[in-house]
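# Remarks on the overall topology
Here is how the chains run, residue by residue.
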Amino acid sequence: MSEPSRPQPRWHRPLYLAAGWLCVLLGVIGLILPVMPGTVFLIAAAWCFSRSSPRFESWLINHPRLGPQVVRWRKTGAIARRTKYVACGSMLLSFVIVAATDAPPIALWLSGAGLIAAGTYVASRPEPTEDEITRR
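Residues numbered from 1 in each chain as written. Predicted model: local features only at pLDDT ≥ 70, side-chain atom pairs only at ≥ 80, totals over all residues. Heavy atoms only, no water.

Position of Glu 57 among the secondary structure elements: in helix H3 (residues 54-62). Considering only alpha carbons, one finds Glu 57 and Gly 67, 10 residues apart in sequence, at a separation of 9.6 Å. With near-sequence residues (within four places) excluded, Glu 57 lies in contact with Ala 46, Phe 49, Ser 50 and Arg 74. In this structure the side chain of Glu 57 is engaged in a polar contact, spanning 2.9 Å, whose partner is the side chain of Arg 74. (Helix = DSSP H or I, 4+ residues; strand = E, 2+ residues; numbered from the N terminus. Contact = heavy atoms within 4.5 Å. Polar contact = N/O pair within 3.5 Å; in protein donor to acceptor, adjacent residues only side chain to side chain.)

Here it is, written out as structure tokens:
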């Protein structure tokens, strides 16, 4: 049984809407640039829109270029092996860059812990089945 929905304060909706559009922008940039993940931002945008604007959530999900990745994530939660490698490699590279700076030790510990948590989550996701791969 799902928990009862609590009414959100009036100021939440515009914040979710703004965050959703920011995530769409970052997602599109990520789909263009190979070093930045785009799909994760589109998934976040859909989540934000689901809390702020059903119209924009529907637009994103039904978009011919942006929507399929979000729909696939919602259906299966699967991440392709190559995408896992790229994501974890990017996280490792970003930690190396932070470590090469004069960042204080707390920044290294916090960023390292966050990246380990994110990498563990990415690595633990199932991989798409052959049937899901051929439907792309």
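What follows covers the pattern of salt bridges. Applying the stated criterion to the full structure yields three salt bridges. With a shortest N-O distance of 2.9 Å, Glu 57 and Arg 74 are connected by a salt bridge. One end of the pair, Glu 57, is in helix H3; the other, Arg 74, is in helix H4 (residues 67-76), and 17 residues separate them in sequence. Looking at Arg 74, the relative accessible area reads 43%, which means it is partly exposed. Salt bridges linked by common partners bring Arg 81, Lys 84 and Glu 127 together as one network. (Salt bridge = Lys/Arg side-chain N within 4 Å of Asp/Glu carboxyl O. Buried < 20%, exposed > 50% of the residue type's maximum accessible area, 1.4 Å probe, protein only.)

A word on the state of the cysteines. Tallied over the full model, the rule gives zero disulfides. Considering cysteine sulfurs only, Cys 23 is the nearest to Cys 48, which forms no disulfide, with 5.0 Å between them. According to the relative accessible area criterion, Cys 48 is buried, its value standing at 7%. (Disulfide = S-S within 2.5 Å.)

Here we come to the confidence of the model for the chain. Chain-level statistics for the chain give a pLDDT mean of 86 and a share of 89% at 70 or above. For the chain, helix H7 (residues 130-134) is the element with the lowest average pLDDT, namely 60, and H3 is the one with the highest, namely 95. (pLDDT = per-residue confidence, 0-100.)

A few words now on the packing of aromatic side chains. A complete count under the given rule lists five aromatic pairs for this structure. Joined through ring pairs, the aromatic side chains of Trp 21, Phe 49, Phe 56 and Trp 59 make up one cluster. (Phe/Tyr/Trp six-rings, centres within 6.5 Å; stacked < 30°, edge-to-face > 60°.)

Okay, a nonpolar patch on the surface next. A contiguous nonpolar patch, built from Leu 22, Leu 25, Val 28, Ile 29, Ile 32, Leu 33 and Val 35 and spanning about 640 Å² of accessible area, is present on the exposed surface. Judged by relative accessible area, which is 48%, Leu 22 ranks as partly exposed. (Patch = residues over 30% accessible without salt bridge, like charges linked within 9 Å, V, L, I, M, F, W, Y side chains within 5 Å. Areas by Shrake-Rupley, 256 points an atom, 1.4 Å probe, with all protein chains shown as cover.)

In this fold, Leu 115 is placed in helix H6 (residues 105-124). Here Leu 115 falls in the partly exposed class, since its relative accessible area comes to 25%. Separated by 24 residues in sequence, Leu 115 and Met 91 have C-alpha atoms that sit 6.2 Å apart. With sequence-adjacent residues up to four places away left out, Leu 115 is seen in contact with Met 91, Ser 94 and Phe 95.

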